[in-house]
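Here is how the chains run, residue by residue.
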Amino acid sequence: MPSIVTASELRAILGVSSSLYNDAYLNDLIDASENVILPMLVTFSSDVNKVMLEDNIAYFTTATIHEFTEGQSVVITNCGSPFNGTHTVTDDKISDYVFTVAITNADIIERNVIPSGVATLSGASTYVGNANVESAVLAVATEIFQARTASGGNIEGVDFTVSPFRLGRSLFNRVSGLLGKYIDVETMCG
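A short tour of the structure in this document, coming up. (Residues numbered from 1 in each chain as written. Predicted model: local features only at pLDDT ≥ 70, side-chain atom pairs only at ≥ 80, totals over all residues. Heavy atoms only, no water.)

**Quick notes on the sheet that holds strand β3 (residues 73–77)**
Alright, step 1. The strand order β1-β2-β5-β4-β3-β6 describes a closed barrel built from six strands, whose pairing is antiparallel. Neighbouring strand axes in the sheet, compared pairwise and without regard to direction, differ in orientation by 45° on average.
Alright, step 2. One ladder, built from two bridges, connects strand β4 (residues 85–90) with strand β5 (residues 98–102); its direction is antiparallel. Directly across from Val 89, in β5, lies its bridge partner Val 101. (Pairing = 2+ DSSP bridges. Helix = DSSP H or I, 4+ residues; strand = E, 2+ residues; numbered from the N terminus. Axes fitted to C-alpha atoms, helices over the stretch in contact; angles between N-to-C directions.)

**A closer look at helix α3 (residues 131–149)**
Alright, step 1. When the terminal C-alpha atoms of α3 are compared, their 27 Å separation across 19 residues agrees well with the 27 Å that a helix rising 1.5 Å per residue should span.
Alright, step 2. Every buried residue of α3 is listed here: Val 133, Ala 136, Val 137, Leu 138, Val 140, Ala 141, Thr 142, Glu 143, Ile 144, Phe 145 and Ala 147.
Alright, step 3. For α3, the N-terminal capping position is held by Asn 130, with its side-chain oxygen 3.0 Å away from the main-chain nitrogen of Asn 132. (Expected span 1.5 Å × (residues − 1). Buried < 20%, exposed > 50% of the residue type's maximum accessible area, 1.4 Å probe, protein only. Polar contact = N/O pair within 3.5 Å; in protein donor to acceptor, adjacent residues only side chain to side chain.)

**Structural notes on the packing of helix α2 (residues 23–37) against α3**
Alright, step 1. Direction vectors running N to C along α2 and α3 enclose 125°, while the axes themselves pass 8 Å from each other. Considering their axes alone, α2 and α3 lie oblique with respect to each other. Relative to α3, the crossing made by α2 is right-handed. Residues Tyr 25, Asp 28, Leu 29, Ile 30, Ala 32, Ser 33, Glu 34, Val 36 and Ile 37 of α2 form the contact with α3, whose own contacting residues are Ala 136, Val 137, Val 140, Ala 141, Ile 144, Phe 145, Arg 148 and Thr 149.
Alright, step 2. Looking at the contact of α2 with α3 residue by residue, the class counts come to 12 nonpolar, two polar and three charged. (Parallel < 35°, antiparallel > 145°, perpendicular 65-115°, else oblique. Left-handed = near helix turned anticlockwise from the far one by under 90°. Contact = heavy atoms within 4.5 Å. Nonpolar A, V, L, I, M, F, W, Y, C, P; charged D, E, K, R; others polar.)

**A short note on the packing of aromatic side chains**
Alright, step 1. Applying the stated criterion across every chain yields a total of five aromatic pairs.
Alright, step 2. Aromatic pair Tyr 21 and Phe 145: ring centres 5.0 Å apart, planes at 80°, arrangement edge-to-face. Taken together, the residues span a long stretch of sequence, with Tyr 21 in the loop between α1 (7–14) and α2 and Phe 145 in helix α3 at a distance of 124 residues.
Alright, step 3. According to the relative accessible area criterion, Tyr 21 is buried, its value standing at 19%.
Alright, step 4. Taking the centre distance of 5.8 Å and the plane angle of 85° together, the rings of Phe 60 and Phe 83 count as edge-to-face. Taken together, the residues span a long stretch of sequence, with Phe 60 in strand β2 (residues 57–62) and Phe 83 in the loop between β3 and β4 at a distance of 23 residues. No difference in accessibility class separates Phe 60 from Phe 83, as the two residues are buried.
Alright, step 5. Every member of this aromatic cluster is reached through a ring pair, and the members are Phe 60, Phe 68, Phe 83 and Phe 99. (Phe/Tyr/Trp six-rings, centres within 6.5 Å; stacked < 30°, edge-to-face > 60°.)

Here it is in structure tokens:
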């Protein structure tokens, strides 16, 4: 489900009616565009190297310093059951490399997570209402819409040149100026 832009906002940009393109179709375009944009932005995400559960408190050891604080909602993936899911950070132990959440389950001894799991601040709520990110998501969603609806996937520009690779690797480059100060430089290395 889209979190940065709504189907009605995209519909207004595209100038299409709901009888021609329903919300589900437009939400699919927005989801795809958010999947292009959001991973490149600062999201307060950390790889999880180890997990442990003791007395209904789950301990997550991260590879880098995490940015999570008590009360935040964190999405845990690739750590296995019962660790995966959306959980609220507790104050049982918070250090640079360890955070805790409450999970009711039998104790699980500390184990490595291979390949690493991921802990990410829940949702894209950090960027809701951010005009630059919204504009970038709308621009990418528009490109995806045009690529899907143009005959043969080719779009003709105002100078009558055909652009068959609208969804190529340059897609992100076309909106990087909007996102400049929000891009997570750690995603470029590593």
